Amino acid sequence: MDTINVNSAEDVAEVIRWAAADEEALELVGGGTKRGLGHIATGDGAPHQLNLSALSGIALYEPEELVVSARPGTTVIALEQALATEGQRLAFEPPDWGPLYGQPIGASTIGGIVGCNLSGPRRLIAGAVRDHVLGLSCVSGRGEEFKCGGRVVKNVTGYDLCKVLTGSYGTLAAITEVTLRVVPAPARTSTVMVSDLDDAQGIAVLATALSGKSEISAAAHIPADVENGCEQSLTAMRLEGPGPSVEERLNMLGTSHPLEGLKMTILDDEESGQFWRETRNVVAFANNQNCTLWRLSVPPSQGPAVTARISQKVNARWFYDWGGGLIWLEVPEDLSDGGAVLIRDAVAEFGGHATLVRGAEQIKANFPIFQPQPSALSNLSNHIKKAFDPNGILNPNRMARDG
Amino acid sequence: MLSRVFRLAENRYSIRMQMPKPEPEILAQRESFIRILRKIVPGEGVISSQEELRAYECDGLTAYRQRPLAVVLPADTNQVSEVLRACSECGVKIVPRGAGTSLSGGALPLEDGIVLALGKFNRILEIDYDNRIAVVQSGVTNLRISDTIAPQGFYYAPDPSSQIACTIGGNVAENSGGVHCLKYGLTTNNILGLEMVLMNGNIVRLGGRHLDAEGYDIMGLVTGSEGLLGVITEVTVRILPRPETARALLLGFPSNESAGNCVARIIGAGITPAGLEMMDKPAADAAEAFCHPGYPDNAQAVLIVELDGVKAEVDHLIGEVEDIAVEAGATSVRTSGNEEERLRFWAGRKAAFPAVGRISPDYFCMDGTIPRGRLAEVLARIATMSNQFGLRVANVFHAGDGNLHPLILYDANVPGELENAEKFGAEVLKLCVEVGGVLTGEHGVGVEKRDLMGVMFDEDDLKHQQRVKCAFDPAGRLNPGKVFPVLHRCAELGRMHVHRGQVPFPHLPHF
Ligand SMILES: Cc1cc2nc3c(=O)[nH]c(=O)nc-3n(C[C@H](O)[C@H](O)[C@H](O)COP(=O)(O)OP(=O)(O)OC[C@H]3O[C@@H](n4cnc5c(N)ncnc54)[C@H](O)[C@@H]3O)c2cc1C
């Protein structure tokens, strides 16, 4: 396989124009940490790798305007450090999935995060990556440079192409610059932990808290024995804001139904930070590289019903984020279909979708990695793909084997 | 409030806006096509008498009017699907319509097209408090959602000033905002699912009650697409618990500069108010005369800053904002002591449009967004333009997110003033783009800003957008003449201009 390195948007356009003319497939790579996510990009032959990692650096940062523009190869860590010096951050809390694929931590790039629309625990309240992308510069599969969006939050000028490009796994265009909305970091963070609740109780506690007035910014339930050395389940709720506000909300949460009378622990800034970092990076399931790992997005209140349905049939381990709406679920490696049929049936029953995040090559080759769509929708998706990439040269087959 | 806008230009009929040429063969088939529609939507669901069609001849942008071929009011999603299929087969154009409050002419009819109105889609289907969502049909009004869930302590965050009338489907089509979107986001950030009918009659469901749908974010693409990609029939919205308290500050400033500076400092201090609104003197004076909210007498600019959340947080931040305001040179600082006072501060802002309507026979409401830091400079240049064009302007805007609503005052009965006002408006929007902003923050492009799209986007940018249109509606039957200044045929847009056999980038390093 051939790797082509590029340094500028013009380079990217030139490479894609060539590939489009010769119908050569390109695999777009940033930090390369998530090459294991999705189907392997395949063309007629092995695709050329278009390496965007040298296209990096912050192009514009105006803290008072709450906006930053960066080239796609900028690592998330570098970006977050720059924001931290101004007391700001990315609201969507980008996770680092590198270790899930045996890659080092810290190599993940902002281009990859936008390309895959990966958000962490705060997605629950602050929105996903797609809610914070203000503008993009791209090169489509036609080899043409184009931009969409802008650098201001309120913008309804033309179609919001940023939305469809975010989370398109590089199948529509190569991103050459992203403009993101940033937010102030809070003065204080605390996490309330309750232990020893079962799944249904834990998710019910989270739902009640999320419907209350204490403005929880993250809500997870980790069943017993998922975290190493943790014999009891943990139900966690994070509060962020000015000091006096967090104080009052802690009080409010602790003295009202359903937490009243339960034993609680409070984690402060540092410890709280570590807990949520481990949750968003799925540390609990990163070590055992052989297990098959799924990520399910379901209506939050249905989380326990979904896992109950699955665990009736297979020996699974899981934990919940997003108040029950995000389930990370590990099944044994010896299931020939990786649990695909069972898991997709469960999701179909309760609503939502499931992604095979990690699994043996023969499972990934034989089962759809992303939730299959009804035909009217997959037809529309194919038309959208063709609109941007008529020759099908950008990350072909990465999202679905026919698109 | 709405009626004032609707009454503005009743005696005006001219359409100067260039629209796609009516197709004579479609006009000739009118009667037979209406019969087809009546088979699909029986009874009173098809409106065809000229008298009744008048009610649909314009939306909130009343300067442009056109009676449609017919109006159809389907009662369910299957009827919508059949209507679209029939239109596809016969080549008839469609203009979707919610409540018709669009300020950019998005729902302006076409002479050879039908208006597909969602008035009968008025049911709230389900409220699911456990998952904090509501499922509603697209014709339900924005305010009805919040009113329905208020007893349980919930609300739907996006709150356009037109919320008593506008529909959730229209909100999705325009990606509408409101005074609270600084903290809570626009429509696109507050919906989780859609049911939509495509031009070929296919019914698709996007998202649901889970976060982050699978596949391409088609829901995000459709939000703000101004009725050009499909007809929205059902929306799943996120609902939020109402904050414990809300308090507002009313601040008076000696100049637009000092007010603009205060806005920048509040945001710079890491505070995200629930609302941060500004009015310049003409707008504040008009509001004061209209409903006497008690705005400071001598102020050249008025800011309303609202903070919400738990009491301790609100009290804490109110203190911080008071300090910032004084530092920024506020000459008057008042803090709401109770709910009644808070609502009084807002009353003037909420009535600003009708209030301005009383001091001028007509006005155009502009809607550009700029980087916050350029507020004072942009206002100064608008003032200069106001002198040049000889037209008064009152500025009302969502200062927190830089979304301007200059109201250009004119009198349509004075020959040439409307045209002059249009030119002035175009200059304001060009200025917004020049300083790094955009043509429209929340009202949409519609027909109003269509011909300015080239100021913000180049040919390739626009073609990438138009190819998306082709993916949804290859024959271009859905709401044509809106958003895009030039209608290209899809076949022409799809063509690839490639040169085979080029030397593949010899200067780039390979491995
Ligand atoms: C006094 C006043 C104040 C306003 N204040 C605000 C404000 O604060 N913020 C703001 O954002 N806007 C505001 N607006 C603008 C307007 O109310 C919004 O754009 C609103 O969302 C339009 O909703 P509607 O139901 O009236 O849609 P319509 O005007 O009927 O249609 C608007 C567009 O959406 C399309 N459309 C409508 N329904 C559907 C559907 N079901 N499927 C597909 N396409 C559809 C139409 O084709 C058209 O292009 C205001 C308007 C007025 C008159």
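1. Quick look at the domain arrangement of chain A
Put simply, an interface is often sized by how much accessible area is lost when its parts join up.
All names here are of chain A.
Then step 1. Examined at the domain level, chain A breaks down into domain 1 (1–185), domain 2 (188–280) and domain 3 (283–366).
Then step 2. The gap between the C-alpha centroids of domain 1 and domain 3 is 27 Å.
Then step 3. Taken together, the contact pairs 15 residues of domain 1 with 14 residues of domain 3.
Then step 4. Of the roughly 1100 Å² buried where domain 1 meets domain 3, counting both sides, 60% is carbon and sulfur surface.
Then step 5. The interface formed by domain 1 and domain 3 holds five residue pairs in polar contact (both at pLDDT 80 or more) in total.
Then step 6. Of the residues in the side of domain 1 that touches domain 3, the class split is eight nonpolar, six polar and one charged.

2. Considerations on the interface of chain B and chain A
Then step 1. Taken residue by residue, the interface counts 103 residues in chain B and 86 residues in chain A.
Then step 2. The three residues of chain B that bury the most area against chain A are Asp-212, Tyr-216 and His-464 of chain B, which together make up 11% of that side's buried surface.
Then step 3. Among the salt bridges present, the one from Glu-313 of chain B reaches Arg-249 of chain A, with a minimum N-O distance of 3.8 Å.
Then step 4. There are 28 residue pairs in polar contact (both at pLDDT 80 or more) connecting chain B and chain A.

3. Some remarks on the packing of aromatic side chains
Then step 1. Counted under the stated rule, the structure contains eleven aromatic pairs over all chains.
Then step 2. With centroids separated by 5.3 Å and ring planes inclined at 70 degrees, the aromatic side chains of Tyr-159 of chain A and Phe-484 of chain B adopt a geometry described as edge-to-face. Here Tyr-159 of chain A, found in the loop between strand S8 (145–149) and helix H5 (161–165), pairs with Phe-484 of chain B, found in the loop between helix H18 (459–472) and helix H19 (490–494), and the two come from separate chains.
Then step 3. Using a relative accessible area of 3% as the deciding quantity, one classes Phe-484 of chain B as buried.
Then step 4. The positively charged end of Arg-123 of chain A is found above the aromatic ring belonging to Trp-322 of chain A, 6.0 Å away from the centroid.
Then step 5. In this structure, Arg-242 of chain B packs its charged tip against the face of Tyr-155 of chain B, placed 4.5 Å from the ring centre.

4. Concerning the site of the ligand
All names here are of chain B.
Then step 1. Surveying the vicinity of the ligand reveals 33 residues, the closest of which are Pro-96, Gly-98, Thr-101, Ser-162 and Thr-167.
Then step 2. The separation between an oxygen atom of the ligand and a polar side-chain atom of Thr-101 is 2.6 Å.
Then step 3. Contact between the ligand and Thr-167: an oxygen atom at 2.7 Å from a side-chain N or O atom of the residue.
Then step 4. Contact with the protein chains hides 99% of the accessible area of the ligand, taken as 970 Å² for the molecule alone.
Then step 5. Looking at the shell around the ligand, the elements that each hand over two or more residues are strand S3 (93–97), helix H7 (168–174) and strand S10 (231–238).

5. Things to note about the pattern of salt bridges
All names here are of chain A.
Then step 1. Evaluated as defined, the whole model comprises 46 salt bridges over all chains.
Then step 2. Notably, a salt bridge pairs Glu-240 with Arg-122, separated by 3.0 Å at the nearest N-O pair. In this pair, Glu-240 is assigned in strand S13 (residues 234–241) and Arg-122 in the loop between helix H3 (110–116) and helix H4 (123–126), connecting sequence segments 118 residues apart.
Then step 3. Residue Glu-240 is classed as buried on the basis of its relative accessible area, which comes to 12%.
Then step 4. Through salt bridges with shared partners, a single ionic network connects Arg-89, Glu-93, Arg-122, Arg-238, Glu-240 and Arg-280.

6. Side note on the nonpolar core
The nonpolar side chains of soluble globular proteins are, as a tendency, buried together.
Then step 1. With 211 residues, the main nonpolar core has Leu-165, Leu-296 and Ile-384 of chain A together with Phe-472 of chain B as its most contacted residues.
Then step 2. Here this core gets nine residues from one element, more than from any other, and that element is helix H16 (residues 417–434) of chain B.
Then step 3. Those residues in contact with Phe-472 of chain B that lie beyond four places of it in its chain are Leu-380 and Ile-384 of chain A together with Met-196, Leu-198, Met-199, Ile-218, Leu-221, Val-222 and Leu-229 of chain B.

Conventions adopted
- Residues numbered from 1 in each chain as written.
- Chains lettered and ligands numbered in written order.
- Predicted model: local features only at pLDDT ≥ 70, side-chain atom pairs only at ≥ 80, totals over all residues.
- Heavy atoms only, no water.
- Domains from an automatic or database assignment.
- Contact = heavy atoms within 4.5 Å.
- Buried area = accessible area lost by both parts, 1.4 Å probe.
- Polar contact = N/O pair within 3.5 Å; in protein donor to acceptor, adjacent residues only side chain to side chain.
- Nonpolar A, V, L, I, M, F, W, Y, C, P; charged D, E, K, R; others polar.
- Salt bridge = Lys/Arg side-chain N within 4 Å of Asp/Glu carboxyl O.
- Phe/Tyr/Trp six-rings, centres within 6.5 Å; stacked < 30°, edge-to-face > 60°.
- Helix = DSSP H or I, 4+ residues; strand = E, 2+ residues; numbered from the N terminus.
- Buried < 20%, exposed > 50% of the residue type's maximum accessible area, 1.4 Å probe, protein only.
- Lys NZ or Arg CZ within 6 Å of the ring centre and 35° of its normal.
- Near = heavy atom within 4 Å.
- Areas by Shrake-Rupley, 256 points an atom, 1.4 Å probe, with all protein chains shown as cover.
- Core = buried A, V, L, I, M, F, W, Y, C linked by side-chain atoms within 4.5 Å.

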